[in-house]
Amino acid sequence: MTEPLRVVVADDQVLVRTGFRLILMSEGIEVVAEAANGVEAVEAVRRTRPDVVLMDIRMPDMDGLEATRRIVTDATDGPRVLILTTFDLDHYVYAALSAGASGFLLKDVSPEHLTAAVHLVRTGDALLAPAITRRLVERFARRDCDTASLHRSLAALTPRELEVMGLLGRGLSNAELAARLQLSEATVKTHVARVLAKLGLRDRAQAVVAAYETGLISVGGGVSAP
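Residues numbered from 1 in each chain as written. Predicted model: local features only at pLDDT ≥ 70, side-chain atom pairs only at ≥ 80, totals over all residues. Heavy atoms only, no water.

A. Spotlight on the overall build of the protein. Across its full length, the protein holds 11 helices and 5 strands. By the burial criterion, 49% of the 226 residues in the protein qualify as buried. A separation threshold of at least 6 residues defines the contact pool for the protein, and within that pool the share at least 24 residues apart is 67%. (Helix = DSSP H or I, 4+ residues; strand = E, 2+ residues; numbered from the N terminus. Buried < 20%, exposed > 50% of the residue type's maximum accessible area, 1.4 Å probe, protein only. Contact = heavy atoms within 4.5 Å.)

Here is the structure:
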């Protein structure tokens, strides 16, 4: 029997945490801990080792962005972080992705979308529509010395892997990649896994950011030579 998916809910509002807990539990998802601020969230993750963290951005003592940074740097195989907020602002989305989050949802999300999102990010997928991804990354992507080592690492990719990386940067799903490259989804998954491993990226969300920050994807949407 498959073990239930385990989640930590971090939000400074008790009613919000309660609502999310009830929604998740009704779908067989186990809420192993709740946190009212970033400090509590980091401690709860270390104590319970969940699969996914639902993380509010604006919280007292330590905000969700800093808590996300600490959680994803604590362990290479740690939980996926799904950011939840009432603020639909580009700079929050980009900051969350840069901090290591795997997705971004507004708090008025439907119960069905919430539970689907938790399952989705657990598999390593990024939860961002391609149009939103392009808009925010083109606007906020940094191209500086911090990306130099990653840029050099692009040279380690095969031509096919480089092509896959460019398409990941555009937000394509495995099915879309398979159709574009005329490959099976199983082969695409292998290529994606190798790209992430070679570049030391946590998941597809980080691949999107890296593709823009290294200049692999140009602002106009084209793929550049590494």
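B. View of unusual backbone geometry. Unusually for a residue other than glycine, Arg 49 sits at a positive phi of about 50°. In this structure, Arg 49 sits in the loop between helix H2 (38-48) and strand E3 (52-56). The backbone of Gln 182 shows a phi angle near 60°, a positive value even though the residue is not glycine. Mapping Gln 182 onto the fold places it in the loop between helix H9 (174-181) and helix H10 (185-199). On the basis of relative accessible area, Gln 182 is assigned to the exposed category, the value being 73%.

C. Quick peek at the environment of Ser 110. Note that Ser 110 resides in the loop between strand E5 (103-106) and helix H5 (111-122). Residue Ser 110 is classed as partly exposed on the basis of its relative accessible area, which comes to 34%.

D. Representation of the sheet that holds E3 within the structure. In space, the 5 strands of this open sheet follow the order E2-E1-E3-E4-E5, with parallel pairing throughout. Every other strand in the sheet has two partners, leaving strand E2 (30-35) and E5 as the edge strands with one partner each. Sheet twist, expressed as the mean angle between neighbouring strand axes with direction ignored, is 20°. Relative to strand E4 (residues 80-85), E3 is paired through 5 bridges, and the arrangement is parallel. (Pairing = 2+ DSSP bridges. Axes fitted to C-alpha atoms, helices over the stretch in contact; angles between N-to-C directions.)

E. Fine view of the pairing of E2. Bridge analysis of strand E1 (residues 6-10) against E2 gives 5 bridges, and the strand direction is parallel. By the bridge assignment, Ala 10 is partnered in E2 with Ala 35.

F. Examining the packing of helix H8 (residues 159-169) against H10 more closely. The contact between H8 and H10 brings their axes to 9 Å, and the two run at 90°. One way to sum up the angle between H8 and H10 is to call them roughly perpendicular. Contact residues: Arg 160, Glu 161, Val 164, Met 165 and Leu 168 in H8; His 191, Val 192, Arg 194, Val 195, Lys 198 and Leu 199 in H10. Class assignment for the residues of the contact of H8 with H10 results in 6 nonpolar, 1 polar and 4 charged. (Parallel < 35°, antiparallel > 145°, perpendicular 65-115°, else oblique. Nonpolar A, V, L, I, M, F, W, Y, C, P; charged D, E, K, R; others polar.)

G. Inspection of H8 at higher detail. With 8 of its 11 residues buried, H8 lies for the most part within the structure. Among the residues making up H8, those that are buried are Glu 161, Leu 162, Val 164, Met 165, Gly 166, Leu 167, Leu 168 and Gly 169. If you follow the buried residues of H8, they end up packed against H9, H10 and helix H11 (204-213). Just beyond H8, the residue with positive phi is Gly 171, at close to 85°.

H. Spatial organisation of the packing of H9 against H10. Packing of H9 against H10 leaves a shortest axis separation of 9 Å and a crossing angle of 105°. Taken together, the axes of H9 and H10 lie roughly perpendicular to each other. Contacts between H9 and H10 pair Asn 174, Ala 175, Leu 177 and Ala 178 from the former with Glu 185, Val 188, Lys 189 and Val 192 from the latter. Residue composition of the contact of H9 with H10, grouped by class: 5 nonpolar, 1 polar and 2 charged.

I. Looking closely at the nonpolar core. Core analysis: the biggest nonpolar cluster contains 24 residues, and Met 55, Val 81 and Ile 83 have the highest contact counts within it. Counting residues per element, the ones that place at least two in this core are E1, E2, H2, E3, helix H3 (64-74), E4 and helix H4 (90-99). Look past the residues within four positions of Ile 83 in its chain and what remains in contact with it is Met 55, Ile 57, Thr 68, Ala 96, Ala 101, Gly 103, Phe 104 and Leu 105. Residues Leu 177, Val 188, Leu 196 and Leu 201 belong to the second largest nonpolar core, which totals 23 residues. (Core = buried A, V, L, I, M, F, W, Y, C linked by side-chain atoms within 4.5 Å.)

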